Amino acid sequence: MKLNYKSICTLILSIVMLGCSQPDTTDRTDARQGENADGGTTVAENPKKEETKTILFFGNSLTAGYGLEPSQAFPALIQERIDSLGLPYKVVNAGVSGETSAGGKSRIDWLLKKPVDVFVLELGANDGLRGIDTESTYNNLKTIMEKVREKNPNVEIILAGMQLPPSMGQKYTRDFSEVFTRLSKEENVHLIPFLLEGVGGIPELNQADGIHPTIEGQKILAANVWAVLENVVSAPVNP
């Protein structure tokens, strides 16, 4: 009986020792994966996490989403698209209703306190509607770009082109449109040919004022922006 009793005790002790040793192996594995904060060991999972970059939309009431909820404006719709694709970008909507290019030039310095990776410039429409000299609009937009680049040398700039209704006069309308094409070439920036393409002048896609897009109109604006922005945010990042 003593032999059997010892055998049983030995067997039980072996089982207990085995049971204690298994969790210890798991704990060590977890510790190795999370040891980076204490011992400097590289974390096993998610070894390389992409840094979130900033897309700054700088514009007027079209960017701000006048008459709509902020979530219905095209910058928010762009954020939804970016999130659905898992791209590491955060959208900042810096649209102010009634903003002119001169107002934007005065305001931009405050917004450049934080880094910007992609800058979408949507200003000038209010200049045109007020009949402001096109050379003044050109110089203001150029200065804004220069300020952005001074603070963020590697920034990608996208310029939203704008057109005016014929009622503003044939020459002025032509000169105004050329401000954007001229800047895109001289400053080597990406150009959205006409932000309101497919929306401007279509009553059912604009609010009662005939100027500001409806919810459906904003969706088309988002598509117009994305047609240019997609190549920028999808481009491989230089090491």
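Residues numbered from 1 in each chain as written. Predicted model: local features only at pLDDT ≥ 70, side-chain atom pairs only at ≥ 80, totals over all residues. Heavy atoms only, no water.

1. Quick look at helix 5 (residues 101–111)
One turn of an α-helix holds 3.6 residues; hence residues three or four places apart share an orientation.
Piece 1. Every buried residue of helix 5 is listed here: S101, G104, I108 and L111. Around the axis of helix 5, the buried residues are gathered within 65 degrees of arc, so they sit on the same side. Opposite its buried face, helix 5 presents the exposed residues S106 and W110, each directed more than 90 degrees away. (Buried < 20%, exposed > 50% of the residue type's maximum accessible area, 1.4 Å probe, protein only. Helix = DSSP H or I, 4+ residues; strand = E, 2+ residues; numbered from the N terminus. Arc of directions from axis to C-beta.)

2. Some points on the side chain of N126
Piece 1. Note on placement: N126 falls in helix 6 (residues 125–129).
Piece 2. For N126, a relative accessible area of 14% gives the class buried.
Piece 3. One polar contact links the side chain of N126 to the main-chain carbonyl oxygen of E99, over a distance of 2.8 Å.
Piece 4. Contact partners of N126, with chain neighbours within four places excluded, come to N60, G98, E99 and T100. (Polar contact = N/O pair within 3.5 Å; in protein donor to acceptor, adjacent residues only side chain to side chain. Contact = heavy atoms within 4.5 Å.)

3. Some words on the packing of helix 7 (residues 134–151) against helix 8 (residues 170–186)
Piece 1. At a minimum axis separation of 9 Å, helix 7 and helix 8 run at an interaxial angle of 25 degrees. Judged on the interaxial angle alone, helix 8 and helix 7 are roughly parallel. Note that helix 7 runs across helix 8; the crossing there is right-handed. The residues of helix 8 that touch helix 7, namely those facing T134, E135, T137, Y138, L141, K142 and M145, are Y172, D175, F176, V179, F180, R182, L183 and E186.
Piece 2. Here the contact of helix 7 with helix 8 is built from residues that sort into eight nonpolar, two polar and five charged. (Axes fitted to C-alpha atoms, helices over the stretch in contact; angles between N-to-C directions. Parallel < 35°, antiparallel > 145°, perpendicular 65-115°, else oblique. Left-handed = near helix turned anticlockwise from the far one by under 90°. Nonpolar A, V, L, I, M, F, W, Y, C, P; charged D, E, K, R; others polar.)

4. Some words on unusual backbone geometry
Piece 1. Phi is positive for N188, which is not a glycine, with a value near 55 degrees.
Piece 2. Examined against the element boundaries, N188 turns out to sit in the loop between helix 8 and strand 5 (190–192).

5. Quick notes on the packing of helix 5 against helix 7
Piece 1. Interhelical geometry of helix 5 versus helix 7 gives an angle of 15 degrees and a closest axis separation of 8 Å. Between helix 5 and helix 7, the angle is such that the two are roughly parallel. Both helix 5 and helix 7 take part in a crossing whose hand is left-handed. Every residue of helix 7 that contacts helix 5 at S101, A102, G104, K105, I108 and D109 is listed here: S136, T137, N140, L141, T143, I144, K147 and V148.

6. Regarding the side chain of N152
Piece 1. With respect to the secondary-structure elements, N152 resides in the loop between helix 7 and strand 4 (156–160).
Piece 2. With a relative accessible area of 8%, N152 lands in the buried category.
Piece 3. A polar contact is formed between the side chain of N152 and the backbone nitrogen of V116, at a distance of 2.9 Å.

7. Side note on the sheet that holds strand 1 (residues 53–59)
The strands that make up a sheet pair up through hydrogen bonds in the backbone, lying either parallel or antiparallel.
Piece 1. Taken together, five strands build an open sheet; the order of strands is 2-1-3-4-5 and the sheet is parallel. Edge positions in the open sheet fall to strand 2 (89–95) and strand 5, since each of these has one partner strand only. Across the sheet, the mean angle separating the axes of adjacent strands is 20 degrees when strand polarity is ignored.
Piece 2. Here seven bridges tie strand 1 to strand 2, and the two strands are oriented parallel to one another. Among the inter-strand pairings, T54 is bridged to a residue of strand 2, identified as K90.
Piece 3. Sheet strands in contact with helix 5 are strand 1, strand 2 and strand 3 (118–122), and its direction is about 160 degrees off that of strand 1. (Pairing = 2+ DSSP bridges.)

The values reported here are purely geometric and, on their own, carry no functional implication.
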